[in-house]
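# Close look at the chain arrangement
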Amino acid sequence: MKTGLLIMVISVRVLAAEGDMAGININGKECMLKAGVAYGTKGRNQAAEAGMPKADMAGINIKAVKANLAPTKTDTVPPPAGGQAVNANTPPAKTDTIAPKAKGQATAPAGGLLIRPATIEFRLANGQTSVGKVLITNHLPVKKQFTIYINDFDRDTVGAHIYSPPGSTHHSCAKWVSMDKSFLEVEPGQTVELPVKITAPPDSAATAEMKWAMLFLETTQEQVVEDAKGMKTKVHNRMRVGIHLYQTPPSFTERDVQILDFKLPTDSARTCNLVCENTGKMQIEVNSYLELSNVSTNERTKVDFPQFPMFPGQKRVLSFHIPQSLPKGKYSIIGVVDAGSDIPLAAVQENIEF
């Protein structure tokens, strides 16, 4: 396989009506292709910090930053129960009654149990308090009992959850959360409401960054299983549902994503790895895709990556598998990371021959 890197620096501002630019539909966004990597509006700032005059930013080769990250393999087996709901010890300096934003629903892995929402989002300044709620509905013919506790969690470079004790990470809001119970019962046909109170500490340092944690509802059920020889065994089935808790200071509006690295296929697996980073202050939802354009025929093939969230500062490795059915030839290959219409598009372009 032969590859070639686009080394020309291009500062581009293209309107949607102008169509495609080097195989990318820019959609009216501003991007900067720099040694094969598009850095968006921050590209100019980074070039300026490196001592480059603004007048010289077009047509000059700038060395791309390479992260050389490889996907990490993480044991994602959740920790056993045992954590409890953590009460906030610091009384609030002031109270904010703004209702938190809740979305989605989390359903326990057994028919007839409904737990919602899947996510509760808070927007509190320092010293403010707000209360969200979780609804547990039991459509089963038996009573269900739940233990309630909180853990910290993070996402690794391939998006898997990593759990840790409450309050053990710098971005944790677990100790800000309080609930009036750590155990509840839900009768058949009953819906129970669980209030979730969060209080941001009064010091401004506490709200200098986004915080998050995971609220768990866990149940156990004993079941007797008999084998063909009449041997009976007691089995404890444990079901656990997690609700994401996000706290973002209301003053935060900065959202941005950058491409750090782009590795072309080196073997018959035809796997491309694109590395990106959330360089803003808020969580973002990201769409990404590859677009391959046959140099001879101009025929285009698009390979999508499922939408995914990214915490501030998180790096993510996206693995794309180029179809084996793609005809042999020379291609322009574009990697695109799109985090929404209000964020500059990030893109990388290289050439490859299959």
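What counts, and where the lines are drawn
Along each chain, residue indices are assigned from 1 in the same order as the chain's sequence is written. Per-residue local features of the predicted model are confined to residues with pLDDT of at least 70, and side-chain atom pairs are confined, for both listing and counting, to 80 or more; whole-chain, interface and lining totals are unaffected and use all residues. The side-chain quantities take in all heavy atoms of the structure and omit both hydrogens and water. In DSSP terms, a helix is any run of H or I states spanning at least four residues, a strand is any run of E spanning at least two, and both are numbered starting from the N terminus. Note on exposure labels: buried denotes an accessible area under 20% of the residue type's maximum, exposed denotes more than 50%, and partly exposed covers the range between, all computed with a 1.4 Å probe on protein chains only. The contact definition used throughout considers only heavy atoms, calling two residues in contact when any of these lie within 4.5 Å. Computed with the Shrake-Rupley method and a 1.4 Å probe, the accessible areas treat only the protein chains shown as cover for residues. Here a strand pair is declared whenever DSSP counts at least two bridges between the two strands. Simply put, an axis is a line fit to the C-alpha atoms, just over the touching stretch for a helix, and the angle between two N-to-C directions goes from 0 to 180 degrees. We count a salt bridge whenever a side-chain nitrogen from Lys or Arg sits within 4 Å of a carboxyl oxygen from Asp or Glu. We call a set of buried Ala, Val, Leu, Ile, Met, Phe, Trp, Tyr and Cys residues a nonpolar core when their side-chain atoms join them within 4.5 Å. Polar contact is the term for a pair of N or O atoms within 3.5 Å; when the atoms are in protein, one must be able to donate a hydrogen and the other to accept it, and sequence-neighboring residues count only if both atoms are side-chain atoms. Geometry of aromatic contacts follows a simple scheme: Phe, Tyr and Trp rings, the Trp one being its six-membered ring, pair when their centres are within 6.5 Å, and the pair is stacked under 30 degrees between planes, edge-to-face over 60, tilted otherwise. Lysine NZ or arginine CZ positioned within 6 Å of the ring centre and within 35 degrees of the ring normal marks a charge as sitting over the ring.

With that settled, consider the overall build of the chain. When helices and strands are tallied, the chain shows one helix and 24 strands. Counting over 354 residues, the chain shows a buried share of 46%. A separation of at least 24 residues holds for 69% of the contacts in the chain among residues at least 6 apart in sequence. Looking at the chain as shown, the accessible area adds up to about 17400 Å², and 52% of this sits on carbon and sulfur atoms.

Right, let's get into the sheet that holds strand β18 (residues 257–263). Read from one edge of the open sheet, three strands run β18-β19-β22, paired in antiparallel fashion. The open sheet has two free edges, formed respectively by β18 and β22 (315–321), since each of these has just one partner strand. The mean inter-strand angle of the sheet, taken between neighbouring strand axes irrespective of direction, is 25°. Where β18 meets strand β19 (residues 271–278), six bridges bridge the pair, whose relative direction is antiparallel. Counted as the bridge partner of lysine 263 is asparagine 273 from β19.

For the coordinates displayed, the defined rule picks out eight salt bridges. Glutamate 185 is paired through a salt bridge with lysine 143; the nearest N and O atoms lie 3.8 Å apart. Pair noted here: glutamate 185 is in strand β14 (residues 183–186) and lysine 143 is in the loop between β10 (129–138) and β11 (144–155), with a separation of 42 residues, a long-range link. Residue class for lysine 143 comes out partly exposed when judged on its relative accessible area of 41%. A salt bridge links aspartate 304 to lysine 302, with the shortest nitrogen-to-oxygen separation between them at 3.7 Å.

Glancing now at the nonpolar core. Membership of the largest hydrophobic core comes to 31 residues, with the highest contact counts inside it found for Val134, Ile136 and Leu215. In this structure leucine 215 touches Val134, Ile148, Tyr149, Ile150, Met179, Leu194, Val196, Val241, Gly242, Ile243 and Leu245, once residues within four positions along its chain are discounted. Counting 28 residues, the second-largest nonpolar core is a separate cluster that includes Val286, Phe308, Ile343 and Ile352.

The next subject is the pairing of strand β20 (residues 284–294). When you tally the buried positions in β20, you get nine out of eleven residues, the bulk of the element. Pairing of β20 with strand β21 (residues 300–310) involves nine bridges; the strand directions are antiparallel. Note on β21: the bridge partner recorded for serine 293 is arginine 300. Between β20 and β21, which follow one another and run antiparallel, lie five residues, and asparagine 298 among them has a positive phi close to 65°. Pairing geometry for β20 and strand β23 (residues 330–338), over eight bridges, is antiparallel. Its bridge partner being in β23, serine 293 is matched across the sheet by serine 332.

Time to look at unusual backbone geometry. Residue proline 117 is bonded to the preceding arginine 116 through a cis peptide linkage, with omega at 0°. Secondary-structure assignment places proline 117 in the loop between β8 (113–116) and β9 (119–122). Non-glycine residue arginine 270 carries a positive phi angle of around 55°. By the secondary structure assignment, arginine 270 is in the loop between β18 and β19. Judged by relative accessible area, which is 10%, arginine 270 ranks as buried. A positive phi angle, close to 65°, is found at asparagine 298, a residue other than glycine. Its place among the elements puts asparagine 298 in the loop between β20 and β21.

Attention shifts here to the side chain of glutamine 349. Residue placement: glutamine 349 occurs in strand β24 (residues 346–353). Within the structure, glutamine 349 has its side chain in polar contact with the side chain of serine 332 (distance 2.9 Å).

With that settled, consider the packing of aromatic side chains. Counting across every chain of the model gives eight aromatic pairs. Through successive ring pairs, a cluster of aromatic residues spans Phe153, Trp212, Tyr246 and Phe311. Between arginine 240 and the ring centre of phenylalanine 216, over which it is positioned, the NZ or CZ distance is 3.9 Å. Over the ring of phenylalanine 252 we find lysine 281; its NZ or CZ atom is 5.2 Å from the centre of that ring.

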